[in-house]
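# Residue-level structure breakdown
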Amino acid sequence: MDVFLDLDGTLTDNSVGIMSSVEHALTQMNEPVPDQAALRAWIGPPLKANFLSHLGSDEKAERAVALYRERYTDIGLFENEVYDGVPEMMDALRHKGARLWLATSKPRVFAERIVAHFGLDTRLSGVFGSELDGRNSDKPELLAHALRAISVRYGTMLGDRRYDMEGARANDCFAVGALWGFGSSEELVHAGAHHLARKPSEAATKIEETLR
């Protein structure tokens, strides 16, 4: 069985790095900065979509993304920590015979550096992410791409936001919501989660049930 894992809010808590880099971009542009509660909602959706919604023009959104990446590439990337229990969850799933794949809307070049930095890359069979030009930033599109790339028809998706559940459902995959991340149970259930898990060990158990 193939298990696809989201990154931000599922494997790692990168809230400080993301929110600080968004603040940096908007401040450089003399644009209003949302409060901390509002900024947390930016974690999960594609970055440009967030900036576009906030700034109202494609040109401004492109500029904001560039400024965000100025800070994020060298600083924000590592303002990050692995959630307790995540390495053990990954080891348990691999022990049961699962192949683990990262499936994140974050640019692949950043995701690869993060999982390598925290030593999670050795537990993964591969990394799927968006490209810097925006390709594969949509989760249904990304997961479809990943399934084609590894020549399988379906798998299990673990993630903390509705985009992960929608991606799973759009591709006939089993959807498990990670409640330790940034999404609520209401959001995840409404988006089609088959199961919810309060902590990584519970997620491992839920996913292992699909491997039998």
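No experiment lies behind these values; they were computed from the predicted model shown.

## Quick look at the overall build of the protein
When helices and strands are tallied, the protein shows 10 helices and 8 strands. For the protein, whose C-alpha radius of gyration is 16 Å, the value lies close to the compact-globule estimate of 17 Å for 212 residues. Seen along its three principal axes, the alpha-carbon backbone of the protein occupies a region of about 55 × 30 × 30 Å. By residue count, 52% of the 212 residues in the protein fall in the buried class. When contacts within the protein are restricted to residue pairs at least 6 apart in sequence, long-range pairs at least 24 apart make up 63% of them. Counting every atom, the protein has about 9,600 Å² of accessible surface; 47% of that belongs to carbon and sulfur.

## So, unusual backbone geometry
The phi torsion at Asn 30 lies on the positive side, around 60°, for a residue other than glycine. Mapped onto the secondary structure, Asn 30 falls in the loop between helix H1 (15–28) and helix H2 (36–40). For Asp 172, which is not glycine, the phi dihedral falls at a positive 55°. Along the chain, Asp 172 turns up in the loop between helix H8 (162–170) and strand S7 (174–178).

## Regarding the side chain of Asn 14
Position of Asn 14 relative to the elements: it lies in the loop between strand S2 (12–13) and H1. Overall, the relative accessible area of 0% leaves Asn 14 in the buried class. Apart from the residues lying within four places of it in its own chain, the contact partners of Asn 14 are Asp 8, Tyr 72, Gly 76, Leu 77, Glu 79, Asn 80 and Lys 106.

## What about the layout of surface pockets?
Taken as a whole, the largest pocket holds about 500 Å³ of empty space. Together, 31 residues line the largest pocket, and Pro 46, Leu 47, Lys 48, Ser 105 and Pro 107 are the ones closest to its centre. Among the secondary structure elements, those contributing two or more residues to the lining of the largest pocket are helix H3 (47–55), helix H4 (58–72), strand S4 (99–107) and H8. Looking at which element gives the most residues to the lining of the largest pocket, the answer is H4, with 5 residues. Here the residues of the lining of the largest pocket sort into 13 nonpolar, 7 polar and 11 charged.

## Quick word on the sheet that holds strand S1 (residues 2–5)
Read across the sheet, 6 strands follow the order S5-S4-S1-S6-S7-S8 without closing on themselves; strand pairing throughout is parallel. What marks the edges here is a single partner per strand, and that holds for strand S5 (126–130) and strand S8 (195–197). For this sheet the average axis-to-axis angle between neighbouring strands, irrespective of direction, equals 25°. With 4 bridges connecting them, strand S6 (residues 156–159) and S7 associate as parallel partners.

## Description of the environment of Ala 204
You can see Ala 204 is positioned in helix H10 (residues 200–211). For Ala 204, a relative accessible area of 5% corresponds to the buried category. Distance in space between the C-alpha atoms of Ala 204 and Met 90 is 7.7 Å, their sequence separation being 114 residues. Excluding residues that lie within four positions of it along the chain, Ala 204 makes contacts with Met 89, Ala 92 and Leu 93.

## Details of the pattern of salt bridges
In the structure shown here, the tally under the stated rule is 15 salt bridges. Between Lys 106 and Asp 8 there is a salt bridge, and its shortest N-O distance comes to 2.9 Å. Of this pair, Lys 106 sits in strand S4 while Asp 8 is found in the loop between S1 and S2, placing the two residues 98 residues apart along the sequence. One exposure class covers both Lys 106 and Asp 8, and it is buried. Via salt bridges that share partners, Asp 6, Lys 139 and Asp 164 belong to a single interconnected network.

## Remarks on the pairing of S6
Burial along S6 is two-sided: Thr 156 and Leu 158 and Met 157 and Gly 159, pointing in opposite directions, are all buried. Pairing analysis gives 3 bridges linking S1 to S6, with the strands arranged parallel. Across the sheet, residue Val 3 finds its bridge partner in S6, namely Thr 156. One crossover worth recording links S6 to the parallel S7 by way of H8, and it is right-handed.

## Quick look at the pairing of S5
Burial of S5 is extensive: 5 of the 5 residues sit out of reach of the surface. Running through helix H6 (residues 108–117), the crossover from S4 to the neighbouring parallel element S5 is right-handed.

Reading the values: rules and limits
Residues numbered from 1 in each chain as written. Predicted model: local features only at pLDDT ≥ 70, side-chain atom pairs only at ≥ 80, totals over all residues. Heavy atoms only, no water. Helix = DSSP H or I, 4+ residues; strand = E, 2+ residues; numbered from the N terminus. Rg over C-alpha atoms; globule rule 2.2 N^0.38 Å. Buried < 20%, exposed > 50% of the residue type's maximum accessible area, 1.4 Å probe, protein only. Contact = heavy atoms within 4.5 Å. Areas by Shrake-Rupley, 256 points an atom, 1.4 Å probe, with all protein chains shown as cover. 1 Å grid on protein atoms, 1.4 Å probe; cavity = no way out; pocket = protein on both sides within 12 Å on 5 of 7 lines; lining within 4 Å. Points joined across faces, edges and corners; volume = space filled by probe spheres on them. Nonpolar A, V, L, I, M, F, W, Y, C, P; charged D, E, K, R; others polar. Pairing = 2+ DSSP bridges. Axes fitted to C-alpha atoms, helices over the stretch in contact; angles between N-to-C directions. Salt bridge = Lys/Arg side-chain N within 4 Å of Asp/Glu carboxyl O. Right-handed = clockwise from strand over helix to strand, strands pointing away.

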